[in-house]
Amino acid sequence: MEELLEILRDLHPEVDYDTCDTLIDDKILDSFDIVSIISEISEQYDVTIPAEDIIPENFNSAQALYELIERLSDED
Amino acid sequence: MLFTSYSFIAFISLLFLLYYIIPKKGQWPLLLFASYLFYFLCDWRYLIFITVTSVSTYLFGIAIDKVNVRQDEYIKEHKKELSKEDKKIYKAGMKKKRFRLILMCLVLNIGILAVIKYTNFTINNINGIMHAFGSDNTIGFVDIIIPMGISFYTFQSMGYIIDVYRGTYKPERNIFKFALFVSFFPQLVQGPISRFNDLSKTLYAEHKFDIKVFTFGVQRILWGFFKKLVIADRIVVAINILKDNPEQYGGAYVFVLMMFYAFQLYADFTGGIDITIGVAEAMGITVAENFNRPFFSKNIKEYWNRWHITMGTWFTDYIFYPISVCKPMLKLSKASRKHLGEVIGKRVPVYLSAFVVWFTTGLWHGASWNFIVWGLMNFVVIMISQELKPLYVRFHNRFNVDGKRWYDGFQVIRTVLLMSAIRMFDVYRDVPLTFKMVWNMVTDFRISSLWSSTMLNLGLDIADYIILFAGLIILFTVSMLQRRKAVRERLWDKPAVLNCFVTWLLLISIVLFGAYSIGYDSAQFIYNQF
């Protein structure tokens, strides 16, 4: 989780990722950010997030994103 | 049949009447009949194309779902004997099957769109290349009909099939219901590009007559007519003169053209969408909003989140993301990080995907280099502003301008000017002329030339300018009021007499100030050609 938070903080240091669960709904993350995050996750976790998983529910909070990574690593 | 024709008004009036007097179960079949009749009245040949897209997408959707169902059943049946690895191999095999099916569907439908829209553009380019190499041979152009709204309904259908492939939702089992989703007539003229899971919620539902819903629908239609007939169709006269005579109208007149075109495009496109949404709304159907006061955007990225929203999200979901997160792209990103460093490597997927998106966005808008260059100019500006982001943040912090109203205003005006300048590529006949005229505007502005009587030689007299000015003030005021609450909602809360009076005033102003006369069918919508 700490690695993921580092990736996110790198993009938007001003956000409190422990509490924020509206990263997409409040337009904090845009499409460029999402692609950067996915590319970083692929580097760090060796997990590929497919396009069909790019939905607000998976990206609205750090926790949701972490759960997605875990689910995908489990499937791999 | 144009939205702004008398026959369209007769068509929707009769439809509204029938829609609410027939048994509720017959409402969506009536809409399907009306949609096909609408298309038939435009040109009977269009029906062939839309039927091919509807039937093929429907069948492929069912076929893809069958593979999904078979996969789930097989895994359920053999749960105990399958290892994790077996499951993975089996799933990969089924995914390949689904991929083959979706590929066939995409190739067929995008292929039809490509042949229809880009054959003559390709021939023109081949002729240009042959000519450049000294050949006198030319390939003749092909006479192809372009079905109205083909780009919109093809994209809408392809969005559906991709969603079914991804398992976002189950395919529609009733072919007639699906045919209505593809052909719903208010959307055929210029979109928006709806998503099946959004539109289907209200499209097939039974709707009782509700005076509020109906009034809102009619008011939205009238508002659309106001924008289109009072503003867009009036200003277009001057635009045509200015763009067709570039030798005569340089300098400050290029700026006038730039702003006139911005107003025209906004009034034309949003007006058309207002009519689309209003027609659907009057029947209780919710169509996706396509605009969110785009001229109040503070930067170009925000502008594209607020202008032609359904097209932007379509390109993001179905082109930008799939390209930028596909395995080859991630591998390329990895390799770039290794060889070119972190800074560049990180940017590779975003830049390449954004380039493809803007190239195709340009191409989607029209088969000409003007639109391709327009798309790429958007790409360049977005990328520059992306790169300058840290600089902006430093500037904002240093001078403490964030949130200041004057600075917000500056950003809004800057974005409007920038977007209007890029849009000039849609206006002049070719790309070199556009560059030449924009350069001429910058280097030889001469504002004094506007004070001469030439402004009155643009096909508009003083009365036209007054109407235009008043129309734009109303447009601006409504946009400002919308920030807190929809104007129709505000009116509904007021006494009914006042609501009726305002609606009546809107109708009267369209009748009195609309740019038409008896027997006149207004100009086609700009986005209709896409």
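Residues numbered from 1 in each chain as written. Chains lettered and ligands numbered in written order. Predicted model: local features only at pLDDT ≥ 70, side-chain atom pairs only at ≥ 80, totals over all residues.

## Re the overall build of chain A
Step number 1: Looking only at helices and strands, one finds 4 helices and 0 strands in chain A.
Step number 2: Beginning at the N terminus, the succession of helices and strands in chain A can be written as α-α-α-α.
Step number 3: Whereas a compact globule of 76 residues would reach a radius of gyration of roughly 11 Å, chain A reaches 11 Å, a difference of no more than 12%.
Step number 4: Per-residue burial for chain A yields a buried fraction of 25% across its 76 residues. (Helix = DSSP H or I, 4+ residues; strand = E, 2+ residues; numbered from the N terminus. Rg over C-alpha atoms; globule rule 2.2 N^0.38 Å. Buried ≥ 20, exposed ≤ 12 C-beta atoms within 10 Å, placed from the backbone.)

## Re the packing of helix 9 (residues 211-244) of chain B against helix 10 (residues 252-282) of chain B
Residues and elements named next belong to chain B.
Step number 1: Taken N-terminus to C-terminus, the directions of helix 9 and helix 10 make an angle of 155 degrees; their axes are 7 Å apart at the nearest point. By the criterion of interaxial angle, the relationship of helix 9 to helix 10 is roughly antiparallel. Pair helix 9 / helix 10 crosses with left-handed handedness.
Step number 2: By residue class, the composition of the contact of helix 9 with helix 10 is 25 nonpolar, 7 polar and 7 charged. (Axes fitted to C-alpha atoms, helices over the stretch in contact; angles between N-to-C directions. Parallel < 35°, antiparallel > 145°, perpendicular 65-115°, else oblique. Left-handed = near helix turned anticlockwise from the far one by under 90°. Nonpolar A, V, L, I, M, F, W, Y, C, P; charged D, E, K, R; others polar.)

## Regarding helix 19 (residues 462-481) of chain B
An α-helix turns once every 3.6 residues. As a result, residues three or four positions apart point the same way.
Residues and elements named next belong to chain B.
Step number 1: Given a rise of 1.5 Å per residue, 20 residues ought to cover 28 Å, and the 29 Å separating the end C-alpha atoms of helix 19 matches this to within 8%.
Step number 2: What helix 19 keeps buried is the set Leu 468, Gly 471 and Leu 475. Seen along its axis, helix 19 keeps its buried residues to an arc of 65 degrees; they face one direction. Among the exposed residues of helix 19, those pointing more than 90 degrees away from its buried face are Ile 462, Ala 463, Ile 466, Phe 469, Ile 473, Phe 476, Thr 477, Met 480 and Leu 481.
Step number 3: Buried residues belonging to helix 19 abut helix 9. (Expected span 1.5 Å × (residues − 1). Arc of directions from axis to C-beta. Contact = placed C-beta atoms within 7 Å.)

## Re the interface of chain B and chain A
Quoted interface sizes are often the accessible area lost when the parts come together.
Step number 1: Listed as interface residues are 17 residues of chain B and, on the opposing side, 15 residues of chain A.
Step number 2: Breaking the side of chain B that touches chain A down by element, the ones donating at least two residues are helix 12 (309-324), helix 13 (327-340) and helix 14 (342-365) of chain B.
Step number 3: Of the residues forming the side of chain B that touches chain A, the biggest block, 5 residues, is contributed by helix 12 of chain B.
Step number 4: Here the residues of the side of chain B that touches chain A are counted per class, giving 7 nonpolar, 5 polar and 5 charged.

## A closer look at the packing of helix 12 of chain B against helix 14 of chain B
All names here are of chain B.
Step number 1: In the contact formed by helix 12 and helix 14, the axes pass within 8 Å of each other and the chain directions differ by 145 degrees. As for how helix 12 packs across helix 14, the hand of that crossing is right-handed. Contact residues: Phe 315, Ile 319, Phe 320, Ile 323 and Ser 324 in helix 12; Pro 349, Val 350, Ser 353, Ala 354, Val 356, Val 357, Thr 360 and Thr 361 in helix 14.
Step number 2: Here the contact of helix 12 with helix 14 is built from residues that sort into 9 nonpolar, 4 polar and no charged.

## A few points about helix 5 (residues 150-166) of chain B
All names here are of chain B.
Step number 1: For helix 5, with 17 residues, the first-to-last C-alpha span of 24 Å sits near the 24 Å given by 1.5 Å per residue.
Step number 2: Within helix 5, 15 of the 17 residues are buried, leaving the element largely enclosed by the surrounding structure.
Step number 3: At the exit of helix 5 stands Gly 167, carrying a positive phi of roughly 80 degrees.

## Comments concerning the nonpolar core
Residue and element names in this part refer to chain B.
Step number 1: Ile 235 and Leu 257 are the most contacted members of the largest nonpolar core, which totals 122 residues.
Step number 2: A total of 18 residues in this core trace back to one element, the largest contributor, which is helix 10.
Step number 3: Ignoring anything within four residues of it in the chain, the contact list for Ile 235 reads Phe 260, Phe 263, Gln 264 and Leu 468. (Core = buried A, V, L, I, M, F, W, Y, C linked by C-beta atoms within 7 Å.)

## Some thoughts on unusual backbone geometry
Backbone phi values are negative for most residues with the exception of glycine, while trans is the configuration of most peptide bonds.
Step number 1: In this chain, Gly 191 of chain B is followed by Pro 192 of chain B through a cis amide linkage whose omega measures 0 degrees.
Step number 2: With respect to the element layout, Pro 192 of chain B can be found in the loop between helix 7 (185-188) and helix 8 (196-203).
Step number 3: The backbone of Lys 27 of chain A shows a phi angle near 60 degrees, a positive value even though the residue is not glycine.
Step number 4: Mapped onto the fold, Lys 27 of chain A is located in the loop between helix 1 (2-11) and helix 2 (31-45).
Step number 5: One non-glycine residue, Arg 293 of chain B, lies in the positive phi region at around 45 degrees.
Step number 6: Relative to the helices and strands, Arg 293 of chain B resides in the loop between helix 10 and helix 11 (300-306).
Step number 7: Its 14 C-beta neighbours within 10 Å are what place Arg 293 of chain B among the partly exposed residues.

## Section: the domain arrangement of chain B
Residue and element names in this part refer to chain B.
Step number 1: Each assigned domain of chain B is listed here: domain 1 (6-208) and domain 2 (297-429).
Step number 2: Just the C-alpha atoms count here: the centres of domain 1 and domain 2 sit 28 Å apart.
Step number 3: Taken together, the contacts link 12 residues of domain 1 with 7 residues of domain 2.
Step number 4: Listed by contribution, the elements that provide at least two residues to the side of domain 1 that touches domain 2 are helix 4 (84-132) and helix 5.
Step number 5: Of the residues in the side of domain 1 that touches domain 2, the class split is 6 nonpolar, 5 polar and 1 charged. (Domains from an automatic or database assignment.)

## What about the confidence of the model for chain B?
Step number 1: Looking at chain B as a whole, its pLDDT mean stands at 92, while 97% of the residues score no less than 70.
Step number 2: Reported for the predicted complex are a pTM of 0.90 and an ipTM of 0.93. (pLDDT = per-residue confidence, 0-100.)

## Digging into the environment of Leu 506 of chain B
Residue and element names in this part refer to chain B.
Step number 1: For Leu 506, the position within the fold is in helix 21 (residues 496-513).
Step number 2: Classification of Leu 506 as partly exposed rests on a count of 18 C-beta atoms within 10 Å.
Step number 3: Distance from Leu 506 to Ile 9, taken between C-alpha atoms, is 16 Å for residues 497 residues apart in sequence.
Step number 4: The contacts of Leu 506, once residues within four sequence positions are left out, are Leu 222, Trp 223 and Phe 226.

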